[in-house]
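# Structural description and commentary
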Amino acid sequence: MSLATQVLVQMGEMPAPNGMEIPVDLTAARQTIDIIAMLQRRTRGNLSAEEAHFLEEVLHSLRSSFVLKSKKA
């Protein structure tokens, strides 16, 4: 969850904690999404059905947001 939150902050979709100024960084957001996808691959078969579904939903949502944000940039 913390990596997903980090992606949202990197894309400017969520305010940074404690009022910090964090500029939009789509390259970092893409890299963090790739890390989450790598974790999904590495944990395949070791997660409960609920955990696997949650991870799939999070990745889908982040990737969709990333595509929309990239098109606007």
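Check the entry above for the structure.
For the structure given in this document, a descriptive report is provided here.

The next subject is the pattern of salt bridges. Should their charged atoms come close, side chains of opposite charge can pair. Counting across every chain of the model gives two salt bridges. Across the salt bridge formed by Glu-13 and Lys-69, the nearest N and O atoms sit 3.6 Å from each other. Separated by 56 residues along the polypeptide, Glu-13 in the loop between helix H1 (2-10) and helix H2 (26-43) and Lys-69 in helix H3 (residues 49-72) bring together distant segments of the chain. The partner of Arg-30 in a salt bridge is Asp-34, with the nearest N and O atoms 2.7 Å apart.

Here we come to the packing of H2 against H3. Angle between the axes and distance between the axes: these two values describe a pair of packed helices. Relative to each other, H2 and H3 sit at 160 degrees, their axes nearing to 11 Å. Relative to H3, the element H2 is oriented roughly antiparallel. Considering how the two elements wind past one another, H2 and H3 form a crossing that is left-handed. Seen from H2, the contacting residues are Leu-26, Ala-29, Arg-30, Ile-33, Ile-36, Ala-37, Gln-40 and Thr-43; seen from H3, they are Leu-55, Glu-56, Leu-59, Leu-62, Arg-63, Phe-66, Lys-69 and Ser-70. A per-class count over the contact of H2 with H3 returns nine nonpolar, three polar and four charged.

Cut-offs and rules
- Residues numbered from 1 in each chain as written.
- Predicted model: local features only at pLDDT ≥ 70, side-chain atom pairs only at ≥ 80, totals over all residues.
- Heavy atoms only, no water.
- Salt bridge = Lys/Arg side-chain N within 4 Å of Asp/Glu carboxyl O.
- Helix = DSSP H or I, 4+ residues; strand = E, 2+ residues; numbered from the N terminus.
- Axes fitted to C-alpha atoms, helices over the stretch in contact; angles between N-to-C directions.
- Parallel < 35°, antiparallel > 145°, perpendicular 65-115°, else oblique.
- Left-handed = near helix turned anticlockwise from the far one by under 90°.
- Contact = heavy atoms within 4.5 Å.
- Nonpolar A, V, L, I, M, F, W, Y, C, P; charged D, E, K, R; others polar.

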